[in-house]
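Structural description and commentary
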Amino acid sequence: MSDFLATVPFDLYELGLFHLVAEEGSFTRAGQKAGLTQSAMTRQIRGVEDQLGVALFERTTRRVGLTPAGRLLYEKSKPILAAAEATLQQLQQDFALIPQTLRVAVDRSIGLACFPGFFFAFRKRMPAVQLHVQQLGGDEIIGALEAKTLDVGLLAIPPRLHGTLTATHRFADEFVVIAPPDTELTSASGPIPLRTLRKRLAAERWLLIDRRGTTGTKLHAWLRTQGLEISPAIELDSFEVIVNLVALGLGCSFVPQRVLALYGERRKVRRIATHPRFSRELAVVVRKNRKQPEPLATFIESILF
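Just so we're clear, the structure is a prediction, and the values are computed from it rather than from any experiment.

All right, on to the side chain of T67 then. Checked against the element boundaries, T67 lands in the loop between β2 (64–66) and α5 (68–94). Of the polar contacts made by the side chain of T67, one reaches the backbone oxygen of A55; its length is 2.6 Å. Those residues in contact with T67 that sit more than four places away from it in its chain are A55, L56, F57 and E58.

Below you can see the structure in the form of structure tokens.
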């Protein structure tokens, strides 16, 4: 047995990658599902072929197909992978030796008022699963997902996601103008056209979300299209901090309407809905895997937006 283990040409992980390529007929698509680049997937399979001393795939410009040796390995190894998966599931269910942990990151620009919608229903459905929650920048979340140090990210979605990642849910997050309680900024019961406020808004001192992030970039671009060339006095990466500074009389801002749910006393800031209204898109982002673990799938299903 020790001689066999010392010379075995692949492990279960590599065998799983082989099955992905066989089923997808493409190193690129298989890599996307495994969370690997096409080149990394190719290196893994080539290493298995080198260890075996046989070619497993016939590679053409259009498709990747199994060789006779590859077909034999694919058919004979199906029960091995199925048995390994069933054994691991039974170990977790029957013994639960290690508590399951779900690693979640929330974009710093997403207000704390959103957290109950992210976590409350999941905690009721899977109370035994430990949550490890971080607040990170959007770029940090994308990098951690690709590095497999996170399971799921909740963030303002960038214009393009890398090929190994996918957005499972998207939802709109609408903004309003907020001003200090004693401001003379005109208010009304309904949304106010921005053209009506343009001159008055341009004269205000502004506190805005950091333009280096996805939300800040989109907000500044939108303001320019509305004819509002705003040079903020302060840029920050937290809407909670912005709301508190506005309440102290330090300026005005555009903030997500949901953030204000934590500020029940309306006298602290004046809220002004505008027309048109700026809105960003928040998303749940995960790696492209063939099958999502149960805690991750349940977490995604439980989000209340």
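The full count for this structure, using the stated rule, is 12 salt bridges. Its salt-bridge partner being R277, residue E174 comes within 3.0 Å of it at the nearest N-O pair. One end of the pair, E174, is in strand β6 (residues 165–179); the other, R277, is in the loop between β12 (274–275) and β13 (279–287), and 103 residues separate them in sequence. The exposure class of R277 is partly exposed, given its relative accessible area of 27%. Here R212 makes a salt bridge to D210, at a shortest N to O gap of 2.8 Å. Relative accessible area serves as the criterion here: at 72%, R212 is assigned to the exposed category.

Let us now look at helix α8 (residues 194–202). L194, L197 and L201 are the residues of α8 that are buried. Taken down its axis, α8 places every buried residue within 70 degrees of arc, on the same side. Pointing more than 90 degrees away from the buried face of α8 are the exposed residues R195, T196 and K199. Each element contacted by the buried residues of α8 is listed here: β6, β7 (192–193), α9 (214–225), β11 (270–272) and β12.

Turning our eyes to something else, we now look at the packing of aromatic side chains. Evaluation of the coordinates by the stated rule reveals 12 aromatic pairs. Pairing F27 with F57 gives two aromatic rings, centres 5.9 Å apart and planes at 70 degrees, and the pair type is edge-to-face. Highlighted residues: F27 in helix α3 (residues 27–34) and F57 in strand β1 (residues 57–59), separated in sequence by 30 residues. Using a relative accessible area of 7% as the deciding quantity, one classes F27 as buried. These aromatic residues form a ring-pair network of at least three members: F175, W206, W222, F239, F254 and F278.

The subject of this paragraph is the environment of A40. The topology assignment puts A40 in helix α4 (residues 38–52). For A40, a relative accessible area of 16% gives the class buried. Each C-alpha atom, one on A40 and one on T28, is 9.7 Å from the other, the two residues being 12 residues apart in sequence.

With that settled, consider the environment of D11. Within the secondary structure, D11 sits in the loop between α1 (2–7) and α2 (12–24). Along the backbone, D11 and T164 are 153 residues apart, and their C-alpha atoms lie at a distance of 23 Å. A polar side-chain atom of D11 sits 2.8 Å from the main-chain amide nitrogen of E14.

Scoring rules and cut-offs
Residues numbered from 1 in each chain as written. Predicted model: local features only at pLDDT ≥ 70, side-chain atom pairs only at ≥ 80, totals over all residues. Heavy atoms only, no water. Helix = DSSP H or I, 4+ residues; strand = E, 2+ residues; numbered from the N terminus. Polar contact = N/O pair within 3.5 Å; in protein donor to acceptor, adjacent residues only side chain to side chain. Contact = heavy atoms within 4.5 Å. Salt bridge = Lys/Arg side-chain N within 4 Å of Asp/Glu carboxyl O. Buried < 20%, exposed > 50% of the residue type's maximum accessible area, 1.4 Å probe, protein only. Arc of directions from axis to C-beta. Phe/Tyr/Trp six-rings, centres within 6.5 Å; stacked < 30°, edge-to-face > 60°.

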